[in-house]
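Report on the structure
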Amino acid sequence: MTKRIAALFFVLMGTTAAAAQDTLPSQLTSCLAIPGVLQRLACYDRVAHSLGPAPRTAPAQRPAPPPVAYAPPVPAAAPPPAGLGSERLPQTASTAPRRAQELTAGIASISYDSRGRFTVTLDNGQVWRQLEGDTAVLQGARNSTVRISRGALGSYDLNVVGRNASYRVLRLK
């Protein structure tokens, strides 16, 4: 008797599983016909939950990261003071120069090339030349004070103190 009940139970379970598999495509097709995105997603979720719980798998274990060895910081030597624009000059030392943001100095001499661009020698020995793309003309600046500051994208701007003009320059020396 128990063998018959067990056989009947297994036949009914097989029939139910087959019926569930036959209705799965029709359920998915009905979900596909739903126009709203959230409603369609909710329909797919209902179909998935009606199939039963998903089998649990153990998450993949990642190897532990190797231990990091501590190395005390090495004190860097203080770079020599080189002034504004010195990072574009050829370097003689392996240390990076200190980056000043602005320089104010007097004009020792000024000269002009055939196109009217100027080259200024400052009283601190630095030599700056006007860039070729700068079309502004510098006139009457002898014995004046200039302020050179960092511009955009690594450029430098020269301003004569007391005047409202700016010139793009490049440090030569």
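Residues numbered from 1 in each chain as written. Predicted model: local features only at pLDDT ≥ 70, side-chain atom pairs only at ≥ 80, totals over all residues. Heavy atoms only, no water.

Here we look at the environment of L103
- On the secondary structure map, L103 appears in strand β1 (residues 102-112).
- Residue L103 is classed as buried on the basis of its relative accessible area, which comes to 15%.
- Leaving out residues up to four positions away in the same chain, L103 has contacts with L84, L122, N124, Q126, W128, V146, R147 and I148. (Helix = DSSP H or I, 4+ residues; strand = E, 2+ residues; numbered from the N terminus. Buried < 20%, exposed > 50% of the residue type's maximum accessible area, 1.4 Å probe, protein only. Contact = heavy atoms within 4.5 Å.)

A closer look at the nonpolar core
- Ranked by internal contacts, the top residues of the largest apolar core, which has 18 residues, are F118, L122, W128, I148 and L158.
- Residue assignment for this core shows that the elements contributing at least two residues are β1, β2 (118-122), β4 (145-150), β5 (156-160) and β6 (166-171).
- For this core, the element with the highest residue contribution is β1, accounting for 4 residues.
- Those residues within four positions of F118 in sequence are excluded, and the remaining contacts are I110, S111, Y112, W128, R129, Q130, L138, L158, Y167 and V169. (Core = buried A, V, L, I, M, F, W, Y, C linked by side-chain atoms within 4.5 Å.)

Things to note about the packing of aromatic side chains
- Enumeration over the complete set of coordinates arrives at 2 aromatic pairs.
- Seen in terms of ring centroids, F118 and Y167 are 5.5 Å apart; in terms of plane orientation they differ by 90°. Their pairing is edge-to-face. You can see F118 sitting in strand β2 and its partner Y167 sitting in strand β6, a full 49 residues away along the chain.
- Here Y167 falls in the buried class, since its relative accessible area comes to 5%.
- Note on W128 and Y156: the rings are 5.5 Å apart at their centroids and 70° apart in plane angle, and the pair reads as edge-to-face. In this pair, W128 is assigned in strand β3 (residues 127-130) and Y156 in strand β5, connecting sequence segments 28 residues apart.
- What makes W128 buried here is its relative accessible area of 0%.
- Here Y156 falls in the buried class, since its relative accessible area comes to 2%. (Phe/Tyr/Trp six-rings, centres within 6.5 Å; stacked < 30°, edge-to-face > 60°.)

Topic: the sheet that holds β4
- Strand order in the closed barrel made by the 6 strands is β1-β2-β3-β6-β5-β4, with antiparallel pairing throughout. When strand polarity is set aside, the average angle formed by the axes of neighbouring strands in this sheet is 45°. (Pairing = 2+ DSSP bridges. Axes fitted to C-alpha atoms, helices over the stretch in contact; angles between N-to-C directions.)

Observations regarding the pairing of β3
- With 3 bridges joining them, β2 and β3 adopt antiparallel strand pairing. By the bridge assignment for β3, V120 is matched with W128.
- Hairpin connection between β2 and β3: a loop of 4 residues separates the two successive antiparallel strands, and G125 in this loop has a positive phi of roughly 95°.
- Note: β3 against β6, 3 bridges, orientation antiparallel.

A word on the environment of S149
- Relative to the helices and strands, S149 is located in strand β4.
- Note: C-alpha distance between S149 and E102 (47 residues apart in sequence) is 4.4 Å.
- In this view, S149 contacts L84, Q101, E102, S155, Y156 and D157; residues no more than four positions away in its chain are not counted.

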